[in-house]
Amino acid sequence: MTYQVNDYSSILGMSGISDTTLQNHFKLYQAYTNNTNTLLEKTRQLLDAGQDRTPEFAEMRRRLGFEFDGMRLHEYYFENLKGDGKPEQKRALYGQLAADFGSFDSWQKDFVSTGAMRGIGWAILYYDTPANRLINGWVTEHQQGHLVGLMPILVLDVWEHAFVFDFQMNKANYISAFLQNVNWQEAANRFDEGAEAMQRRKAA
């Protein structure tokens with residue numbers, strides 16, 4: 001089985017995040033997907049050839065986290081875009097954000113501050129299903145800093161390629177544009193899926 005590149009052309013035409021930026025993003029996403037497939041195939045070949053204790057095998061295995069997470073995080077990112085930026089206050093996610101952070105505005109301030117930190121990476125709103133708690137986290141590059149076992153609910157790419165064409169080095173304006181385009185229905189659906197999985201585990 002190989003991983004396939006999904007078509008995200010439906011998110012073109014947003015206000016604030018240009019099609020040029022998104023088209024560049026799509027090319028990067030395709031490269032991460034291709035590299036993931038290549039690394040999985042080459043490590044399998046090395047394993048079959050008895051070369052699994054070699055530096056080449058080890059380097060490819062280490063590299064997989066970067067390429068795979070680059071692929072998957074971009075999928076989350078694209079899928080939670082092209083909304084109207086308005087959270088649905090009747091959905092469970094909104095209530096959980098208010099409960100865990102004190103208010104939706106307090107959560108957003110925390111999330112924006114996380115995304116505004118120096119460095120390349122991702123700001124991610126996670127759902128800790130065993131604890132039934134939402135947490136904002138930071139991931140360096142694509143693979144360093146993930147909170148183990150937590151489910152991504154809202155994903156913000158803050159690598160420079162995500163904003164430099166539209167906003168030069170003004171990351172704050174990019175984050176503002178991102179929030180105005182969040183698809184909160186998608187984020188709420190992800191949260192509902194996690195909450196339902198938690199309930200199934202408790203009932204088992």
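Shown above is the structure to which this text applies.
Because the structure is predicted, anything quoted here is derived from the model rather than measured. (Residues numbered from 1 in each chain as written. Predicted model: local features only at pLDDT ≥ 70, side-chain atom pairs only at ≥ 80, totals over all residues. Heavy atoms only, no water.)

Caption draft 1: Representation of helix α1 (residues 19-48). Taking 1.5 Å of rise per residue, 30 residues should cover 44 Å, and α1 covers 44 Å from first to last C-alpha, within 8% of that figure. Among the residues of α1, T21, L22, H25, F26, Y29, Y32, T33, T36, N37, L39, T43 and L46 are the ones counted as buried. Looking at the packing, one finds that the buried side of α1 touches α2 (55-79), β3 (151-157) and α5 (164-167). Note on α1: the residue one or two positions beyond its end, G50, has a positive phi of about 75 degrees. (Helix = DSSP H or I, 4+ residues; strand = E, 2+ residues; numbered from the N terminus. Expected span 1.5 Å × (residues − 1). Buried < 20%, exposed > 50% of the residue type's maximum accessible area, 1.4 Å probe, protein only. Contact = heavy atoms within 4.5 Å.)

Caption draft 2: How the structure looks around the environment of A116. With respect to the secondary-structure elements, A116 resides in the loop between α4 (104-115) and β1 (121-128). Residue A116 is classed as partly exposed on the basis of its relative accessible area, which comes to 46%. Taking the C-alpha atoms as reference points, A116 and D128, 12 residues apart in sequence, are found 23 Å from one another.

Caption draft 3: Representation of the pattern of salt bridges in the model. Counted under the stated rule, the structure contains nine salt bridges. The salt bridge involving D52 is made with R53; its shortest N-O contact spans 3.8 Å. On the accessibility criterion, D52 (25% relative accessible area) is partly exposed. Residue R53 is classed as exposed on the basis of its relative accessible area of 79%. Between R91 and E88 there is a salt bridge, and its shortest N-O distance comes to 3.7 Å. What makes E88 partly exposed here is its relative accessible area of 34%. Three or more residues joined by partner-sharing salt bridges are found here, namely E41, R44 and D48. (Salt bridge = Lys/Arg side-chain N within 4 Å of Asp/Glu carboxyl O.)

Caption draft 4: Quick peek at the packing of α4 against helix α6 (residues 171-180). Orientation of α4 relative to α6, taken along the N-to-C sense of each, is 135 degrees, at an axis distance of 10 Å. One way to sum up the angle between α4 and α6 is to call them oblique. The element α4 and its partner α6 pack so that their crossing is right-handed. Contacts between α4 and α6 involve Q108, F111, V112 and G115 on the former and, on the latter, K171, I175, F178 and L179. Split by residue class, the contact of α4 with α6 holds five nonpolar, two polar and one charged. (Axes fitted to C-alpha atoms, helices over the stretch in contact; angles between N-to-C directions. Parallel < 35°, antiparallel > 145°, perpendicular 65-115°, else oblique. Left-handed = near helix turned anticlockwise from the far one by under 90°. Nonpolar A, V, L, I, M, F, W, Y, C, P; charged D, E, K, R; others polar.)

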